[in-house]
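The chain contents come next:
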Amino acid sequence: MAKSARPSAAKPVAAKPANQTAAKPRASRAAKPAAEPTIASSVAEEAAFALRSLQQAHANHKRYDASDEELLKFYEQMVLIRRFEEKAGQLYGLGLIGGFCHLYIGQEAVAVGLQSALDEGHDSVITGYRDHGHMLAYGIDPKVIMAELTGRGAGISHGKGGSMHMFSTEHKFYGGHGIVGAQVPLGAGLAFAHKYRGDGGVCMAYFGDGASNQGQVYETFNMAALWKLPIIFVVENNGYAMGTAVKRGSAETHFYRRGTAFRIPGMDVNGMDVLEVRQAAEVALEYVRAGNGPVLMELKTYRYRGHSMSDPAKYRSREEVQDMRDNHDPIEGAKAELLKRGVTEEKIKEIDKRIRQTVAESADFAETSPEPEMAELYTDVLVETY
Amino acid sequence: MAIELKMPALSPTMEEGTLAKWLVKAGDEVKSGDILAEIETDKATMEFEAVDEGVIGEILVVEGTEGVKVGAVIATINGEADDASPTPAIEKKPAEDAAPVVQDVKAKAAAAITPKSDLKPAVDPELPAGTAMVPTTVREALRDAMAEEMRADSRVFVMGEEVAEYQGAYKVTQGLLDEFGPDRVIDTPITEYGFAGIGTGAAMGGLRPIIEFMTFNFAMQAIDHIINSAAKTNYMSGGQMRCPIVFRGPNGAASRVGAQHSQNYGPWYASVPGLVVIAPYDAADAKGLLRAAIRSEDPVVFLENELVYGRTFDVPKLDDFVLPIGKARIVREGKDVTIVSYSIGVGFALEAASKLAEEGIDAEVIDLRTLRPLDTATVLASLAKTNRMVVAEEGFPICSIASEIITVAMEQGFDHLDAPVLRVCNEDVPLPYAANLEQAALINADKIAAAVHQVCYR
Ligand SMILES: Cc1ncc(C[n+]2csc(CCOP(=O)(O)OP(=O)(O)O)c2C)c(N)n1
Ligand SMILES: [Mg+2]
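A brief structural summary. Sequence order as written defines residue numbering, which begins from 1 separately in each chain. By the order in which they are written, chains take letters starting at A while ligands take numbers starting at 1. Residues qualify for local features only when their pLDDT is at least 70, as the model is predicted, and side-chain atom pairs are given and counted only at 80 or more; totals for whole chains, interfaces and linings, by contrast, use all residues. Values shown for side chains rest on all heavy atoms present in the structure; no hydrogens or waters enter the calculation.

Examining the sheet that holds strand β11 (residues 185–187) of chain B
All names here are of chain B. Here seven strands make up an open sheet; going across it, the order is β11-β10-β12-β13-β15-β14-β20 and the pairing mixed. With partners counted over all chains shown, the strands left at the sheet margins are β11 and β20 (370–372), one partner each. For this sheet, the mean angle separating the axes of adjacent strands, direction not counted, is 20°. Sheet topology places strand β14 (residues 276–278) next to strand β15 (residues 300–304); three bridges connect them, and they run parallel. Pairing of V277 across the sheet is with V301, part of β15. The contact definition used throughout considers only heavy atoms, calling two residues in contact when any of these lie within 4.5 Å. Axis lines are fitted through C-alpha atoms, for helices just across the contact stretch, and the angle between N-to-C directions can take any value from 0 to 180 degrees. Numbering of helices and strands runs from the N terminus, with a helix taken as a DSSP run of H or I at least four residues long and a strand as a DSSP run of E at least two residues long. Against the sheet, helix α9 (residues 283–295) contacts β10 (156–160), β12 (208–212), β13 (246–250), β14 and β15, and its axis sits at roughly 160° relative to β15. What makes two strands pair is DSSP finding at least two bridges between them.

Structure (structure tokens):
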């Protein structure tokens with residue numbers, strides 16, 4: 001309902017409300033509700049409604065003002081994800097990785113741009129089964145990720161989870177979930193815990209365009225908005241849910257609008273430009289950290305590879321994929337920008353080489369480290385003994 | 001330095017495939033992401049992309065070659081001299097991967113048709129003499145069952161994720177969209193709870209929906225409608241509100257897809273009054289029972305198995321091949337011990353039985369086929385004959401179908417028992433991903449044979 005603290009559309013909400021500190025989001029409750037709107041005033045209210053204010057703030061200042069160092073770091077992280085995923089694809093083809101393996105190639109700017117704005121180890125991150133990139137972007141060691149993919153004892157889940165089920169409570173990375181949509185309420189639960197403890201942390205919950213149609217997403221939207229949970233819902237719209245193009249599965253294809261019914265402000269973001277992504281994250285985080293409740297971001301992105309390793313890819317043309325690779329690649333984009341800024345080709349090559357080395361080492365580690373001990377089969381089912 | 005390009009595994013269960021088409025030739029320059037070839041598996045055609053940069057050296061497997069083993073070298077790439085990109089993974093692979101590539105297309109094609117195993121159960125006895133048998137995969141048998149029922153009854157439609165344009169995530173609905181059109185073969189968004197409810201409502205409204213779950217793991221999102229809406233309404237309405245619906249899809253462990261994607265829901269659904277639960281093993285049963293399920297006036301949960309989809313069995317060529325629901329089948333006769341199983345477990349039980357035969361133990365194998373209602377008469381008759389029993393089930397041991405069979409043996413077959421009935425189930429843990437742990441957790445023929453030795457005291 002109407003709230004006196006709501007900023008006008010003209011003024012980006014992100015800057016307000018100033019009286020609320022991140023650590024005490026409950027302060028917003030103190031704001032006195034305005035009188036119930038009449039029918040006439042409700043129209044005006046819609047115009048002033050905050051739903052579009054974040055989008056506006058983002059439009060006013062699209063790209064993050066990164067220093068050369070920062071941009072180099074983003075570049076490095078994206079290249080790490082790209083090379084890691086290429087290697088994973090290769091190991092899968094060799095039979096060293098089994099089961100389902102979903103690659104993040106093409107979507108690198110999303111995880112890197114968003115998570116670079118988070119406080120790693122404090123803010124929570126949760127996603128689905130396409131999780132390697134989010135882990136790498138949160139500084140988790142590629143070795144233990146790759147070793148999990150090959151099902152080895154040294155893997156981050158001791159080989160018991162696999163590609164889709166990896167976690168690091170140390171980094172506050174909460175998975176790694178195989179059931180489409182399940183991570184959304186779980187993410188709201190993580191946000192609930194942040195708010196409950198008053199630790200000022202937020203949760204970033206990623207899900208796909210396909211996952212956006214699960215009912216539990218909307219149950220979560222309602223509660224997250226109702227309780228002003230500190231969560232950023234991130235729809236990674238890569239155009240397809242397996243073989244289903246967005247328009248064949250979704251009545252409302254502008255996912256950022258899907259929070260409207262719950263009064264959650266939406267943001268429509270170009271997910272192929274790491275600086276645009278990062279700037280959008282700044283806007284959203286400021287709003288959420290100020291205790292205003294959730295934000296829904298749609299990141300337009302693209303996956304170059306099949307849904308998983310076994311994907312006939314008959315649902316899109318080669319030309320479409322090639323066009324994205326040639327003209328919208330986030331890594332090539334960042335590289336071009338670096339060169340334009342006068343960073344030398346040599347420096348970039350040095351990064352590329354270092355990453356290749358890191359990835360080769362992680363693959364080596366993942367291949368040579370032993371399978372889990374047989375006793376691992378029975379551990380971790382329950383914590384206590386009864 | 002030449003990099004060997006190997007036949008890739010494109011799915012967890014792929015062992016070999018057809019090299020359908022080369023899109024490059026020797027001497028072509030390629031870069032990462034270029035499509036090199038099209039590869040066909042029993043499920044689909046897939047594109048094989050380059051990961052490395054360089055120039056194609058030699059094409060070692062000509063296009064059109066069938067049965068190319070995963071890991072076989074199919075071509076070489078000469079990498080750029082200065083590109084020291086380390087690819088130790090490739091070089092280090094043991095030589096066993098370089099399986100000889102057969103270039104004789106015809107010879108390979110013939111080999112490919114032969115069923116993977118000779119564990120074909122005896123054919124149902126009630127068939128008319130001289131009935132022709134057609135080798136059919138379980139996948140095709142299920143599709144044929146749906147197609148035949150859809151031709152016969154316009155109320156029947158199929159709904160689920162990727163069932164239409166994609167031809168089914170596991171290709172079970174292949175070709176149905178072409179024949180029946182988008183009004184009857186319907187792609188849904190990823191909304192299991194929603195479309196299971198819509199299907200249930202449509203059944204209450206007089207239609208005959210077949211709801212495909214991409215796997216039964218995802219039916220947990222929808223289980224409220226299966227149980228609270230579909231199973232109970234007839235009873236609660238005093239017989240007024242029928243719900244003739246089929247919920248079907250793969251169930252149980254696949255291959256290394258982890259705990260959330262590997263569970264057998266047979267015991268869950270079989271515990272619910274108001275449901276019929278079917279879990280066939282071979283192609284003929286899959287076909288005959290799915291047709292029966294679609295015709296049934298009751299809600300049916302029809303549990304398939306991904307690992308069995310590609311197996312070939314004989315299916316009788318009959319116009320109206322429908323099998324009875326609620327009837328188990330003796331798939332191998334024997335006198336020393338009874339092995340009761342269902343779904344993929346039947347394959348393991350038959351394998352165990354042939355091993356045991358070599359050791360002088362003559363095992364009878366029963367395929368339950370229907371889990372609810374259970375055909376206790378067939379199980380008890382066999383027990384009365386052999387006096388010893390083992391239940392083999394690919395699923396958790398606790399509160400399992402095995403538990404139920406053992407209860408039946410205790411309550412109704414106690415006088416016939418010469419030894420305690422044993423169950424051979426998966427380990428009582430969520431299914432792990434690691435290859436060695438997964439193998440240890442799942443049932444197999446050896447574990448069944450060991451239990452048989454135990455109940456036979458030899
Ligand atoms: C509840 C549930 N239903 C179906 C699936 C099978 N499945 C796995 S991923 C996927 C597509 C998801 O697409 P999207 O949400 O767009 O994410 P993307 O794969 O594009 O990252 C489907 C249908 C599942 N894992 N869980
Ligand atoms: Mg998607």
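Considerations on the pairing of β15(B)
All names here are of chain B. When accessible area is computed with a 1.4 Å probe and restricted to protein chains, residues below 20% of their type maximum are described as buried, those above 50% as exposed, and intermediate ones as partly exposed. Counting buried residues along β15, five of its five residues qualify, which places the element largely inside the surrounding structure. The alternating pattern of β15 places V300, F302 and E304 on one face and V301 and L303 on the opposite face, and all of these are buried. Bridging between β13 and β15 involves five bridges; their strand directions are parallel. Note on β15: the bridge partner recorded for P250 is E304. Assignment of crossover handedness uses the view with strands pointing away from the viewer, where a clockwise path from the first strand over the helix to the second indicates a right-handed crossover. Between the parallel pair β14 and β15, the chain is carried across by α9, and the sense of this crossover is right-handed.

Notes on the state of the cysteines
In plain terms, two cysteine sulfur atoms within 2.5 Å form what is called a disulfide here. Scanning the model with the defined rule gives zero disulfides over all chains in all. The thiol of B:C425 is unpaired, and the distance to the nearest cysteine sulfur, on B:C399, comes to 11 Å.

A few points about the side chain of A:S157
Take A:S157: it is sitting in the loop between α6 (142–149) and β2 (173–176). For A:S157, a relative accessible area of 16% translates into the label buried.

Overview of unusual backbone geometry
The step from A:G175 to A:G176 runs through a cis peptide bond, and the omega angle for that step is 20°. Mapped onto the secondary structure, A:G176 falls in strand β2. Here the bond from B:R372 into B:P373 is cis, since omega is 0°, no more than 30 degrees from zero. With respect to the helices and strands, the residue B:P373 is situated in the loop between β20 and α11 (376–386). The phi dihedral of B:S343 falls on the positive side, at around 50°, and the residue is not glycine. Within the fold, B:S343 resides in the loop between β18 (337–341) and α10 (344–358). Judged by relative accessible area, which is 8%, B:S343 ranks as buried.

Considering the environment of A:G210
Of note, A:G210 is situated in the loop between β3 (203–208) and α8 (215–226). On a C-alpha basis, the gap between A:G210 and A:D380 in space is 32 Å, while along the polypeptide they are 170 residues apart. Aside from chain neighbours lying at most four places away, what touches A:G210 is A:A241 and B:I190.

Considering the pattern of salt bridges
Whenever a carboxyl oxygen of Asp or Glu lies within 4 Å of a side-chain nitrogen of Lys or Arg, that contact is scored as a salt bridge. Counted by the stated rule, this structure contains 49 salt bridges over all chains. Measuring nitrogen to oxygen at the nearest pair gives 3.0 Å for the salt bridge that ties A:R305 to B:E49. Taken together, the positions of A:R305 in the loop between β8 (295–300) and α11 (318–327) and B:E49 in strand β5 (residues 45–49) put the pair across two chains. B:E49 shares its class with A:R305; the two are buried. Its salt-bridge partner being B:D282, residue B:R329 comes within 2.9 Å of it at the nearest N-O pair. Highlighted residues: B:R329 in strand β17 (residues 329–332) and B:D282 in the loop between β14 and α9, separated in sequence by 47 residues. Among the residues examined, B:R329 registers a relative accessible area of 6% and is labelled buried. Each of the salt bridges in this network shares a partner with another, and the network as a whole consists of B:E148, B:E149, B:K287, B:R291, B:R295 and B:D320.

Regarding the coordination of the magnesium ion (ligand 2)
Each protein donor to the magnesium ion (ligand 2) is listed here as A:D209 (OD), A:N238 (OD1) and A:Y240 (O); together their distances run 2.1 to 2.2 Å. Note that water is not among the atoms considered, so a metal site may appear incomplete; the donors listed are N, O and S atoms within 2.8 Å of the metal, with 3.2 Å applied to Na, K and Ca. Counting along the primary sequence, the residues that act as donors to the magnesium ion (ligand 2) give the motif D-x28-N-x1-Y.

Considerations on the site of ligand 1
By convention in this text, a residue qualifies as near a molecule or strand provided that one of its non-hydrogen atoms is within 4 Å of it. Taken together, the neighbourhood of ligand 1 is formed by 22 residues, with A:Y129, A:R130, A:A211, A:N238 and B:E192 sitting nearest. Bordering ligand 1 are residues originating from chains A and B. At 2.9 Å from an oxygen atom of ligand 1 is found a main-chain nitrogen or oxygen belonging to A:Y240. Protein coverage of the free-state accessible area of ligand 1, which is 580 Å², stands at 95%. Gly falls in the polar group here, along with every residue not listed as nonpolar (Ala, Val, Leu, Ile, Met, Phe, Trp, Tyr, Cys, Pro) or charged (Asp, Glu, Lys, Arg). Partitioning the shell around ligand 1 into residue classes produces 10 nonpolar, eight polar and four charged. N or O atoms closer than or at 3.5 Å make up a polar contact, with two conditions inside protein: a donor-capable atom paired with an acceptor-capable one, and, for residues adjacent in sequence, both atoms drawn from side chains. To measure how exposed things are, a 1.4 Å probe is used in the Shrake-Rupley method; for residues, cover is taken only from the protein chains shown.

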